[in-house]
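Inside the fold
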Amino acid sequence: MTAAIRPMVAGNWKMNGTRASLDQIRAISEGVSGALSEKLDALICPPATLIYVATTLTVDTKLLIGAQDCHEKARSGAHTGDISAEMIADCFASHVIVGHSERRAEHHESNHTVSKKARAAYDQGLTAIICIGETREEHAAGRTMDVMKTQLVESLPDDATPENTVIAYEPIWAIGTGQTPGPEQVEDVHAAIRADLVERFGAAGEGFRLLYGGSVKPANARELLSVANVNGALIGGASLKADDFLAIYRAYEDILTS
Ligand code: PGA
C-alpha cells in the first residue's frame, strides 16, 4: 500500500529567511521540475513574511508553499501577532505545519491545541502537517511508542483524512543535532503510527503520508527515505540551501526506480 503513496519532501525554514533568501526559493522551484516532479511533491514553508512573495514567485512551478503555524481560530480576531489559516490561504499557500516541537516547547502548545489548529487549517482548505515526536528523555526511557500513540490520538482531529493531513514523525533529540535514529528504529515507529492510523481510520489510515524529520541531510536521505512507511521528509537546516534541499529531493530518483 505504501508504494502507492505519493512522497513529499518538505522544508521548514523556521525563523530564517529574508528577501535575500528568495533566490533559494527560485532555485528550488527550478530544480523540482521534470520527470521526478510527476512522482513526488516538494514544499517549502518560509517564514510568514515571505509566503505571499514566494507563492507569486513559484506560481507556474511545481514547488508548493506552506506556512509554519496557524492560530486555532480559522479566521480573524484579536490575537496580536498571530496568523490565521484564512490569511495563509489568502496568500495562496497550500499547507501549514502544526504542532512542531519548537511550538509545543516554546509556546506551550498542547495536543489539544494542535488538533484545533489542524481543524482551522481544514476549514480553510489547507493541508495540515501535524508533527509528533518524543524527547530525548522519553526516548532513553523506552517510552517512544507510548508518547507517539498519545500525541497521535490527541493531536489528530476525527475528520483527518489522507488529503487534508500529513503526519511528520520528528524525534526531538534528532532535530538540529545531526543525530538520527537508525533506519530500523524509524521503521518501527512509522509502522506503529501506520497501525494506529488504520485502527482509527480504517482503510483510509493506509493512505496518510508519514514524513520523517530530524537531521535529514543529503548524506543520509537515501537511507532514511527508503524505509518502509516513510513517505517523505520534513527538513529544517538542510532546506535553507537549494543545493541541499534538491539533493535530498533527488534521492527519490534512485528510490522510486529501485
Ligand atoms: P532539522 O530540523 O532538519 O534541522 O533537524 C527538522 C525540523 O525541525 O523539522
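These remarks concern the structure in this document. (Residues numbered from 1 in each chain as written. Predicted model: local features only at pLDDT ≥ 70, side-chain atom pairs only at ≥ 80, totals over all residues. Heavy atoms only, no water.)

1. As for the overall build of the protein chain
What the protein chain contains, in helices and strands, is 10 helices and eight strands. Against the globule reference of 18 Å for 258 residues, the protein chain gives a C-alpha radius of gyration of 17 Å, in line with a compact fold. Scored against the burial criterion, the 258 residues of the protein chain give a buried share of 52%. Here the contacts in the protein chain between residues at least 6 apart in sequence split such that 72% fall between residues at least 24 apart. Within the structure as shown, the protein chain displays about 11,500 Å² of accessible surface, and the carbon and sulfur contribution to it stands at 51%. (Helix = DSSP H or I, 4+ residues; strand = E, 2+ residues; numbered from the N terminus. Rg over C-alpha atoms; globule rule 2.2 N^0.38 Å. Buried < 20%, exposed > 50% of the residue type's maximum accessible area, 1.4 Å probe, protein only. Contact = heavy atoms within 4.5 Å. Areas by Shrake-Rupley, 256 points an atom, 1.4 Å probe, with all protein chains shown as cover.)

2. Digging into the state of the cysteines
Taken as a whole and assessed by the stated rule, the structure comprises zero disulfides. Free cysteine: C45, not disulfide-bonded; nearest cysteine sulfur from C131 at 9.3 Å. In this structure C91 is a free cysteine whose sulfur lies 13 Å from that of C70, the closest cysteine sulfur available. (Disulfide = S-S within 2.5 Å.)

3. With respect to the site of the ligand
In the region of the ligand, 13 residues are neighbours, and K14, H100, E170, G176 and S215 sit closest. In this structure, K14 approaches the ligand through a side-chain N or O atom, which is 2.7 Å from an oxygen atom. Within the backbone of G236, one N or O atom sits 2.8 Å away from an oxygen atom of the ligand. Relative to its unbound accessible area of 280 Å², the ligand is 97% covered by the protein chains. A breakdown of the residues in the shell around the ligand according to their chemical character gives four nonpolar, seven polar and two charged. (Near = heavy atom within 4 Å. Polar contact = N/O pair within 3.5 Å; in protein donor to acceptor, adjacent residues only side chain to side chain. Nonpolar A, V, L, I, M, F, W, Y, C, P; charged D, E, K, R; others polar.)

4. Points about a negative patch on the surface
Among the surface-exposed residues, E184, E187, D188 and E223 lie close enough to one another that they form a single negatively charged patch. For the negative patch, the element with the most residues is helix 8 (residues 183-201), which contributes three residues. Among the secondary structure elements, E184 is positioned in helix 8. The exposed category is assigned to E184, whose relative accessible area is 54%. (Patch = residues over 30% accessible without salt bridge, like charges linked within 9 Å, V, L, I, M, F, W, Y side chains within 5 Å. Salt bridge = Lys/Arg side-chain N within 4 Å of Asp/Glu carboxyl O. Lys, Arg positive; Asp, Glu negative; His and termini not counted. Charge placed at Lys NZ, Arg CZ, Asp CG, Glu CD.)

5. Looking at the nonpolar core
In this structure, I167, I193, L197 and L225 are the most contacted members of the largest nonpolar core, which totals 67 residues. Here the element with the most residues in this core is helix 10 (residues 242-255); it accounts for eight residues. With sequence-adjacent residues up to four places away left out, I167 is seen in contact with I130, I132, L152, L156, I193, L197, F208, R209, L210 and L211. (Core = buried A, V, L, I, M, F, W, Y, C linked by side-chain atoms within 4.5 Å.)

6. Comments concerning the packing of aromatic side chains
Under the counting rule described, the total for this entry stands at three aromatic pairs. Here the aromatic rings of F201 and F208 are separated by 5.3 Å at their centres, their planes lie at 45°, and the arrangement is tilted. On the accessibility criterion, F201 (17% relative accessible area) is buried. (Phe/Tyr/Trp six-rings, centres within 6.5 Å; stacked < 30°, edge-to-face > 60°.)

7. Observations concerning the pattern of salt bridges
Counting across every chain of the model gives 15 salt bridges. One salt bridge in this structure joins D159 and R119, with 3.3 Å as the shortest N-O distance. Within this pair, whereas D159 is found in the loop between helix 7 (144-155) and strand 6 (165-169), its partner R119 is found in helix 5 (residues 111-123), the two being separated by 40 residues in sequence. Judged by relative accessible area, R119 falls into the partly exposed class, the value being 37%.

8. A word on the pairing of strand 1 (residues 8-12)
Most of strand 1 sits out of view: five of its five residues are buried. Both faces of strand 1 are covered, namely the face carrying M8, A10 and N12 and the face carrying V9 and G11. Here strand 1 pairs with strand 2 (residues 41-45) via five bridges, running parallel. From the neighbouring strand, V9 faces strand 2, where its bridge partner is A42. With four bridges joining them, strand 1 and strand 8 (residues 232-235) adopt parallel strand pairing. In the strand pairing of strand 8, M8 is matched with G232. (Pairing = 2+ DSSP bridges.)

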